[in-house]
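Structural features, examined
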Amino acid sequence: MNKATVGLCNAMFGKRTYSGTPSTLSFTDGAMLPGINSCSISVTYDEAKLYGDNVALVDHRSFKEGTMEFKVAQFDDTNYAYLIGATVSTISQSSDKVVQYSADDAAPYVCFGMIADGITLASGDYEEGYTAVWFPKVKFTEGNQDLQTRGDSTQFNLPQVTASILADPETSNEWKEVATFSTLTAANTWLKGKCGVS
């Protein structure tokens with residue numbers, strides 16, 4: 001993110017789908033993840049320096065991987081189970097659902113995006129703007145959870161997931177796209193197109 005931000009909204013993901021011969025990657029069957037509360041992203045780089053004649057001749061730095069942790073008010077059971085590779089089923093004779101976890105669960109690679117609202121420079125003045133961030137290849141795992149009893153004041157303990165961010169060889173090793181818009185509607189339309197959200 002290369003702009004000051006004051007808010008976060010409209011998180012979503014899309015499935016990575018292969019079709020045709022030769023196989024072509026597309027992002028489809030996307031879904032919203034309502035109620036995103038916070039997101040923390042850290043990136044690591046492959047770094048090395050080549051020395052000669054007692055000085056540094058080359059400073060190599062390239063993207064290696066990233067980690068993302070985010071919290072939402074509530075996950076939809078079906079979407080959550082898909083993201084972490086678990087199984088969801090309906091409890092007998094009811095509409096209630098149960099998410100079942102197994103040691104053999106394997107989370108799929110998906111694309112993920114969100115929108116930050118903040119400040120952008122337009123026509124020489126600072127104005128409100130919206131920055132959409134899209135990651136073409138991430139894999140989610142269940143994050144840490146904090147539970148506690150009620151006390152004198154109410155405290156919300158939000159569900160958290162962690163995702164690894166990878167460069168995608170099928171998109172020219174791209175690992176992130178950032179686009180800035182003047183309206184939330186335009187940012188949302190662009191991001192939904194990237195994630196295959198209808």
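The structure contained in this document is the topic of the report that follows. (Residues numbered from 1 in each chain as written. Predicted model: local features only at pLDDT ≥ 70, side-chain atom pairs only at ≥ 80, totals over all residues. Heavy atoms only, no water.)

Digging into the pairing of strand 9 (residues 160-165)
For strand 9, the buried fraction is high: 5 of the 6 residues fall into the buried class. Across 6 bridges, the pairing between strand 4 (residues 55-72) and strand 9 is antiparallel. In the sheet register, Glu 69 faces strand 9, and the bridge partner there is Thr 162. Sheet topology note: the strand 8 (residues 125-142)/strand 9 ladder contains 5 bridges and is antiparallel. In the sheet register, Thr 141 faces strand 9, and the bridge partner there is Thr 162. (Buried < 20%, exposed > 50% of the residue type's maximum accessible area, 1.4 Å probe, protein only. Helix = DSSP H or I, 4+ residues; strand = E, 2+ residues; numbered from the N terminus. Pairing = 2+ DSSP bridges.)

Some remarks on the side chain of Thr 171
The topology assignment puts Thr 171 in the loop between strand 9 and strand 10 (177-181). When residues no more than four places from it in sequence are discounted, the contact partners of Thr 171 are Leu 25 and Pro 136. (Contact = heavy atoms within 4.5 Å.)

Quick look at the nonpolar core
Residues Leu 33, Met 68, Phe 70, Phe 112, Phe 135, Val 138 and Phe 140 are the most contacted members of the largest nonpolar core, which totals 27 residues. If we skip the residues at most four places from it in the chain, Leu 33 touches Ala 11, Met 12, Phe 13, Phe 70, Phe 75, Asn 79, Leu 83 and Phe 112. Within the second largest apolar cluster, 15 residues are counted, among which are Cys 9, Ile 115, Ala 132 and Trp 134. (Core = buried A, V, L, I, M, F, W, Y, C linked by side-chain atoms within 4.5 Å.)

Quick notes on the pattern of salt bridges
In total, this model carries 4 salt bridges according to the counting rule given. Two residues, Glu 170 and Arg 16, come together in a salt bridge whose shortest N-O distance is 3.9 Å. In this pair, Glu 170 sits in the loop between strand 9 and strand 10 while Arg 16 sits in strand 1 (residues 5-19), placing the two residues 154 residues apart along the sequence. Here Arg 16 falls in the buried class, since its relative accessible area comes to 12%. (Salt bridge = Lys/Arg side-chain N within 4 Å of Asp/Glu carboxyl O.)

Quick notes on the packing of aromatic side chains
The final tally for this structure, using the stated rule, is 11 aromatic pairs. Here Phe 75 and Tyr 80 contribute two aromatic rings whose centre-to-centre distance is 4.9 Å and whose plane-to-plane angle is 45°, an arrangement assigned as tilted. Pair check on accessibility: Phe 75 and Tyr 80 agree, each one buried. These aromatic residues form a ring-pair network of at least three members: Phe 70, Phe 75, Tyr 80, Phe 112 and Phe 140. A cation over a ring is seen here: Lys 15 above Tyr 82, with NZ or CZ 4.5 Å from the ring centre. (Phe/Tyr/Trp six-rings, centres within 6.5 Å; stacked < 30°, edge-to-face > 60°. Lys NZ or Arg CZ within 6 Å of the ring centre and 35° of its normal.)

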